[in-house]
Amino acid sequence: MAKLVIKDLNKIYENKVEVLKNVNIEAGHGEFLVLVGPSGCGKSTLLRMIAGLEDITSGSIEIGERVVNELPPAERDIAMVFQDYALYPHMTVRENLSFGLRIKKRPQDEINERIQTASKMLDIDHLLDRKPSQLSGGQRQRVAIGRAIVRKPALFLFDEPLSNLDAQLRSQTRIELAALHQKVGATVVYVTHDQVEAMTLADRIAVLNKGRVQQLGSPLELYNNPVNTFVASFIGNPSMNFFKGNLEISGSRKVFSFNGLSFDFSDAPTPTKPGSYVLGLRPEALKVLAKEGRESQGAVDCKPKVVLIEPHGHETHLVASIGGQQVIIRSANPKRLQVMEEATRGSELATTIDRKAMHWFDSTEEGGRVNEIS
Ligand SMILES: Nc1ncnc2c1ncn2[C@@H]1O[C@H](COP(=O)(O)OP(=O)(O)OP(=O)(O)O)[C@@H](O)[C@H]1O
Ligand SMILES: [Mg+2]
């Protein structure tokens, strides 16, 4: 277990492609840090630099209070699990697990004990004498994780380790990984594309875009307080809906106009200065009004036109258009659902905007969060 500190890290490949820009990240002892971001944003490059498989252009990486910039991978006390688990095909599971320890010339008793503990933990102890070709995808995955665990590294690096598994096995293995992390208490840096994996496994998430860290925080911090429109749209599924419009303020009256529609936000938290803004609303912040007791449900702010209804079982998504822009509305409330599910294509549903769930961003390309709200 060790702390990881990345300071002002930059990476420029020989072809002058700037892949990482001023990356600053810390993962504390035993922390589960998840890196997310779109394809090509530099996640694997960053992991490979931590592992020592890729040169550092500038900046520093410390593992357990030791700068490792110049250390070869074998001396960094890390274990890495890749997407394509790369087990040795000619070796049994037991030999795969023990390989790293045998290289390090650990005593046989210790090797046996570590294999027994890890294979029990991962429920592969009955598979020790099989070859990888005689295992299922999920079992192979667990062997790859086991191979990392037996080494008791200071730091675990995972690069999309579950992406080859089917949906069910994936969520099963995700739960096992979380349990495993609680048991072993190791420091982990984990790369994934998967929203659910990021939100459920992480102590903290770093969102990367184009080689820069956009935000580093707990899953709920990122969900509730995204620093810009990129993080807001990346975290949460379905994505946040955005409305670019103009806010007018005269006395206590505040009106937001968007694509020819006007919203009376006099009673809502808005930026304190008038101007051009982007309003962000998560799919659950748009609330279709139920038939009964409308007065108590809030003002009718808009009437989205129904495009498509998607039942998911535990909740329903409504694809609709507001002012010609497509939005997604989500609900699990039976009374709202009734209205949504009975709606026909093209009909308009009276909808209110949850005043407590409004996000305001400036209208620059960066789309930074507006913090002066009242
Ligand atoms: N050896 C290399 N030489 C030049 N450019 C590279 C090299 N390796 C990667 N890149 C570029 O660096 C960028 C980041 O790549 P990286 O593999 O880190 O992305 P990633 O975030 O892991 O993406 P994915 O989610 O698709 O795995 C990409 O634009 C890629 O084309
Ligand atoms: Mg990658």
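Rules used throughout
Sequence positions are assigned chain by chain, starting from 1 and proceeding in written order. Chain letters and ligand numbers both follow the written order, the letters beginning at A and the numbers at 1. The predicted origin of the model limits local features to residues at a pLDDT of at least 70 and limits the giving and counting of side-chain atom pairs to 80 or more, whereas totals for whole chains, interfaces and linings rest on all residues. Heavy atoms from the whole structure form the basis of all side-chain values; hydrogens and water molecules are not counted. We call Phe, Tyr and Trp rings a pair once their centres come within 6.5 Å, taking the six-membered ring for Trp, and we label the pair stacked below 30 degrees between planes, edge-to-face above 60, and tilted otherwise. Every helix listed is a DSSP run of H or I at least four residues long, and every strand listed is a run of E at least two residues long, numbered separately from the N terminus. For every residue, the accessible area obtained with a 1.4 Å probe (protein chains only) is divided by the maximum for its type, and the residue is called buried under 20%, exposed over 50%, and partly exposed between those limits. At least two DSSP bridges between two strands are required for those strands to pair. The criterion for a residue being near a molecule or strand is simple. One of its heavy atoms has to lie within 4 Å of it. Counting of polar contacts relies on pairs of N or O atoms within 3.5 Å, with two restrictions inside protein: one atom must be capable of donating a hydrogen and the other of accepting it, and residues adjacent in sequence are counted only when both atoms are side-chain atoms. Values of accessible area rely on a 1.4 Å probe in the Shrake-Rupley scheme; residue burial ignores everything except the protein chains shown. Note that Gly is not counted as nonpolar here; it falls among the polar residues with everything else outside the nonpolar set of Ala, Val, Leu, Ile, Met, Phe, Trp, Tyr, Cys and Pro and the charged set of Asp, Glu, Lys and Arg. Arc definition: directions from the helix axis to the C-beta atoms. Here, two residues are considered to be in contact whenever any of their heavy atoms come within 4.5 Å of each other.

*Asks:* Sorry if this is basic, but what is going on with the packing of aromatic side chains here?
*Replies:* Here the distance between the centres and the angle between the planes together describe a pair of aromatic rings. Tallied over the full model, the rule gives 13 aromatic pairs. For the pair Tyr-88 and Phe-99, a centre-to-centre distance of 4.9 Å together with 55° between the ring planes defines the contact as tilted. Residue Tyr-88 is found in the loop between β6 (78-81) and α2 (93-103), and its partner Phe-99 is found in helix α2; the two are separated by 11 residues along the sequence. Residue class for Tyr-88 comes out partly exposed when judged on its relative accessible area of 31%. For the ring pair Phe-230 and Phe-234, a centre distance of 5.7 Å and an interplane angle of 15° mean the geometry is stacked. Taken together, the residues Phe-230 and Phe-234, both in helix α8 (residues 229-234) and 4 residues apart, mark about one turn of the helix.

*Asks:* What am I meant to see in the pairing of strand β4 (residues 58-63) here?
*Replies:* The side chains of a regular strand alternate between the sheet's two faces. Across 5 bridges, strand β1 (residues 4-12) lies against β4 in antiparallel orientation. Along β4, the bridge assignment pairs Lys-7 with Ser-60. The antiparallel pairing of β4 with strand β5 (residues 66-67) creates a hairpin that spans 2 residues between the two strands, and Gly-64 there sits at a positive phi of about 55°.

*Asks:* How should the site of ligand 1 be read in this particular structure?
*Replies:* Among the 13 residues in the neighbourhood of ligand 1, the closest are listed as Ser-39, Gly-40, Lys-43, Ser-44 and Thr-45. A distance of 2.5 Å is found between an oxygen atom of ligand 1 and a side-chain nitrogen or oxygen belonging to Ser-39. Within the contact set of ligand 1, an oxygen atom lies 2.6 Å away from a side-chain nitrogen or oxygen of Thr-45. Surface burial for ligand 1 is 61%, taken as the share of its 640 Å² of free accessible area covered by protein chains. With 3 residues, the single largest contributor to the shell around ligand 1 is helix α1 (residues 43-51). Taken together, the residues of the shell around ligand 1 sort by class into 4 nonpolar, 7 polar and 2 charged.

*Asks:* Sorry, what's going on with helix α9 (residues 334-342) here?
*Replies:* Along an α-helix, residues three or four positions apart point the same way, because every turn accommodates 3.6 residues. Those residues of α9 that sit buried are Arg-336, Leu-337, Val-339 and Met-340. With its buried residues spanning 160° around the axis, α9 presents them on a single face. Looking at the buried residues of α9, the elements they touch are β15 (286-288), β16 (305-311), β17 (316-322) and β18 (325-331). At the N-terminal boundary of α9, the capping side chain belongs to Asn-333, with an oxygen 2.8 Å from the backbone nitrogen of Lys-335.

*Asks:* Is there a simple way to explain the environment of Leu-157 in this structure?
*Replies:* Inspection of the secondary structure assignment puts Leu-157 in strand β7 (residues 155-159). Residue Leu-157 is classed as buried on the basis of its relative accessible area, which comes to 0%. Ignoring any residue separated from it by four or fewer positions in sequence, one finds Leu-157 in contact with Leu-47, Ile-50, Ala-51, Ile-78, Ala-79, Met-80, Val-81 and Val-189.

*Asks:* Quick question: what am I supposed to make of the pairing of β7 here?
*Replies:* Burial analysis of β7 places 5 of its 5 residues in the buried class, the great majority of the element. Two elements, β6 and β7, share 4 bridges in a ladder whose sense is parallel. Bridge pairing links Ala-79 to Phe-156 in β7. Both β7 and strand β8 (residues 187-191) contribute to a ladder of 5 bridges, which runs parallel.

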